Amino acid sequence: MPDASTRTAPASLVRRAQAGEAQAVADLVQRCARAVHAIALAHLGRIADAEDTTQTVLLVAIERLGSCRDPDRFEAWLFAIARNRARRALIRRRLRDVIGIDGPDDAAPGEVDPDTRRALIRALGALSTVQREVVLLHDLEGYTHAEIAGAIRISEEASRQHLSRARRTLRAQLAEEIP
């Protein structure tokens, strides 16, 4: 979970990065990479695709940082880019799947049992895109409901409702798959 210093508004970092300060750009990338990855994963459901999309989003954001007119809304701007790029990647992947080009196996070594991991990915797939975004940003990245609301342009109450419904759905899906 991010500490308090990383949860502060990135507006000053954005302004410094727009002024050409390389360290501010690096700090922005470090601060936002996991959240962008969570959004990409919410849309794509495959770790390898989410990693590729995350890199693309961060590069595009750096290149277009000057077009971010409101540094106080940087995360909303960045997350919109992430959602759009992830949607495009999903369309390309579906096309690839239709024509029979298989992607790499995205099983990653770790502490989670591969069967449990697959069950969790399937359960996340049962959620709506906004529910996946909210649950991953809140539970994985530690964003507050206020931060999520501002970043994906929903109300705080909607964020709470999406999180509650997502958790209920995840529990039901996982109860069926994991004894």
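Just above, that's the structure.
Reading the values: rules and limits
- Every chain is numbered independently, its residues counted from 1 as its sequence is written.
- Whole-chain, interface and lining totals are the exception, using all residues; otherwise, since this is a predicted model, local features are given only for residues with pLDDT of at least 70 and side-chain atom pairs are given and counted only at 80 or more.
- Processing note: side-chain calculations cover all non-hydrogen atoms of the structure and skip hydrogens and water entirely.
- Fitted lines through C-alpha atoms give the axes, limited to the stretch in contact for helices. The angle between two N-to-C directions lies from 0 to 180 degrees.
- Strands are runs of DSSP state E lasting at least 2 residues, helices are runs of H or I lasting at least 4, and numbering of each runs from the N terminus.
- Angle categories: roughly parallel below 35 degrees, roughly antiparallel above 145, roughly perpendicular from 65 to 115, and oblique for all the rest.
- Helix crossings are classified by the rotation of the near helix relative to the far one: an anticlockwise turn of less than a right angle makes the crossing left-handed, while a clockwise turn makes it right-handed.
- Residues count as neighbours in contact if any of their non-hydrogen atoms are within 4.5 Å of one another.
- Note on definitions: salt bridges are taken to be side-chain nitrogens of Lys or Arg within 4 Å of carboxyl oxygens of Asp or Glu.
- Only protein chains enter the accessibility calculation, which uses a 1.4 Å probe; a residue whose area is less than 20% of its type maximum is buried, one above 50% is exposed, and one in between is partly exposed.
- A pair of aromatic rings is counted whenever rings of Phe, Tyr or Trp (Trp by its six-membered ring) have centres within 6.5 Å, and the orientation is called stacked for planes under 30 degrees apart, edge-to-face for over 60 and tilted otherwise.
- Expected span, for any helix, means 1.5 Å times one less than how many residues it has.
- Bend angle per residue: angle between axes fitted to the 7 residues ending at that residue and the 7 residues starting there.

Enquirer: Would you explain the packing of helix α2 (residues 22-44) against helix α3 (residues 47-63) in this entry?
Expert: In a packed pair of helices, the relevant descriptors are the angle between the two axes and the axis-to-axis distance. It is at 8 Å that the axes of α2 and α3 come closest, and there the two elements cross at 140°. In terms of their interaxial angle, α2 and α3 are classed as oblique. In this structure, α2 meets α3 at a crossing whose hand is right-handed. Touching V25, V29, A33, V36, H37, A40, L41 and L44 of α2 are I47, D49, A50, E51, T53, T54, V57, L58 and I62, all from α3.

Enquirer: Looking at this model, I keep getting lost on the pattern of salt bridges. Mind explaining?
Expert: Side chains that differ in charge, positive against negative, can pair when their charged atoms come close. If you walk through the whole model with that rule in mind, you get nine salt bridges. The salt bridge partner of D72 is R15, with a shortest N-O separation of 3.9 Å. Of this pair, D72 sits in the loop between α3 and α4 (74-98) while R15 is found in helix α1 (residues 11-18), placing the two residues 57 residues apart along the sequence. We classify R15 as partly exposed; its relative accessible area is 43%. For the salt bridge of E133 with R83, the shortest nitrogen-to-oxygen distance reads 3.7 Å. Residue E133 is found in helix α6 (residues 129-140), and its partner R83 is found in helix α4; the two are separated by 50 residues along the sequence. Note on accessibility: E133 and R83 belong to one class, buried.

Enquirer: Can you walk me through the packing of aromatic side chains in this structure?
Expert: If you walk through the whole model with that rule in mind, you get two aromatic pairs. Where F74 meets W77, the ring centres are 5.8 Å apart and the plane angle is 40°; that geometry is what we call tilted. Separated by three residues within a single helix, F74 and W77 lie in helix α4, roughly one turn from each other. The same class applies to F74 and to W77, which are both buried.

Enquirer: What am I meant to see in the environment of Q131 here?
Expert: Looking at where Q131 falls in the secondary structure, it is placed in helix α6. With sequence-adjacent residues up to four places away left out, Q131 is seen in contact with H162, R165 and A166.

Enquirer: When you look at α2 in this model, what are you seeing that I'm missing?
Expert: Here α2 is 23 residues long and its end C-alpha atoms lie 31 Å apart, about the 33 Å a rise of 1.5 Å per residue gives. At C32, α2 shows its maximal kink, close to 45°. G45 sits one or two positions beyond α2 and adopts a positive phi of about 75°.

Enquirer: How do you make sense of unusual backbone geometry when you look at a structure like this?
Expert: A negative phi holds for most residues other than glycine; trans holds for most peptide bonds. At R153, a position not held by glycine, the phi torsion is positive, near 60°. Structurally, R153 can be placed in the loop between α7 (145-152) and α8 (156-177). Exposure remark for R153: the relative accessible area of 55% places this residue in the exposed category.

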